[in-house]
Amino acid sequence: MEILRVDGVVLPTPTNMEYKEADLQWDGYRDAAGVIHKTTVRWGVRSIKVKWERHLTNEELNAIRTATAHKEYMTVNYYSDTEGVNGTMTAYTGDFDFQLVRATSANDARWSNVSLDFIEQ
């Protein structure tokens, strides 16, 4: 099943997708009575941390990199608890982490602990 697409490109099926909705705070302070005062600039900003815990091939790793690298923003279609496979957001990416597990040649490597964050614009 296709559960993750970036700008129309289907990415390998992730092992894990962690969803988060957060409110963005601009600044905050405590007054003399100890009461906190804050300014919320946006509510419900979505982010998805995607992990591939199985070993990925060079082709799979490059598909992820090609779909996400050097782009300020991208359209992300993802599996949603409320929208099924039709969840959509315009997002940017956080860190793209991966680890080499095995390489028998330049064209035959396996990668693990691959992860990437998508943060709503």
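These notes cover the structure that comes with them. Keep in mind that this is a model prediction, so the values were computed, not measured.

1. As for the overall build of the chain
When you go through the chain residue by residue, the secondary structure sums to one helix and eight strands. Start at the N end of the chain and walk to the C end: the helices and strands fall as β-β-β-β-β-α-β-β-β. Computed over C-alpha atoms, the radius of gyration of the chain comes to 18 Å, more than 25% over the 14 Å expected from 2.2 N^0.38 for 121 residues, which places it beyond the range of a compact globule. Seen through its principal axes, the chain has C-alpha atoms that stretch 65 × 30 × 25 Å.

2. Examining the nonpolar core
By size, the foremost hydrophobic cluster in this structure holds 22 residues, and its most contacted members are Leu4, Trp52, Val76 and Phe118. With five residues, the single largest contributor to this core is strand 8 (residues 108–120).

3. Re the packing of aromatic side chains
Applying the stated criterion to the full structure yields four aromatic pairs. Measuring from centroid to centroid gives 6.2 Å for Tyr19 and Tyr78, while their planes differ by 50°, and the two rings are tilted. Taken together, the residues Tyr19 in strand 3 (residues 16–30) and Tyr78 in strand 6 (residues 74–80) connect sequence positions 59 residues apart. With relative accessibility at 44%, the residue Tyr19 sits in the partly exposed group. Their ring planes at 80° and their centres at 5.5 Å tell us that Phe98 and Trp111 sit as a pair that is edge-to-face. Of this pair, Phe98 sits in strand 7 (residues 84–105) while Trp111 sits in strand 8, and the two are 13 residues apart along the sequence. Overall, Phe98 belongs to the partly exposed group, its relative accessible area being 33%.

4. Quick look at helix 1 (residues 58–68)
If you check which residues of helix 1 are buried, you get Asn58, Leu61, Ile64, Ala67 and Thr68. One or two steps after helix 1, the chain reaches His70, where phi turns positive at roughly 60°.

5. Let's talk about the environment of Thr104
Along the chain, Thr104 turns up in strand 7. The exposed category is assigned to Thr104, whose relative accessible area is 52%.

6. A short note on the side chain of Ser115
Mapped onto the elements of the fold, Ser115 is located in strand 8. Under the relative-accessibility criterion, Ser115 is labelled buried at 8%. Sequence-distant contacts of Ser115, defined by excluding residues within four places in its chain, comprise Lys49, Val50, Lys51, Asp95, Phe96 and Asp97.

7. Here we look at the pattern of salt bridges
All told, the structure shown has seven salt bridges when counted by the stated rule. Measuring nitrogen to oxygen at the nearest pair gives 3.5 Å for the salt bridge that ties Lys49 to Asp117. In this pair, Lys49 sits in strand 4 (residues 36–52) while Asp117 sits in strand 8, placing the two residues 68 residues apart along the sequence. According to the relative accessible area criterion, Asp117 is partly exposed, its value standing at 23%. For Glu60, the salt bridge goes to Arg54, with nearest N and O atoms at 2.9 Å.

Rules and cut-offs
Residues numbered from 1 in each chain as written. Predicted model: local features only at pLDDT ≥ 70, side-chain atom pairs only at ≥ 80, totals over all residues. Heavy atoms only, no water. Helix = DSSP H or I, 4+ residues; strand = E, 2+ residues; numbered from the N terminus. Rg over C-alpha atoms; globule rule 2.2 N^0.38 Å. Core = buried A, V, L, I, M, F, W, Y, C linked by side-chain atoms within 4.5 Å. Buried < 20%, exposed > 50% of the residue type's maximum accessible area, 1.4 Å probe, protein only. Phe/Tyr/Trp six-rings, centres within 6.5 Å; stacked < 30°, edge-to-face > 60°. Contact = heavy atoms within 4.5 Å. Salt bridge = Lys/Arg side-chain N within 4 Å of Asp/Glu carboxyl O.

Coordinates in, geometry out; function isn't part of it.
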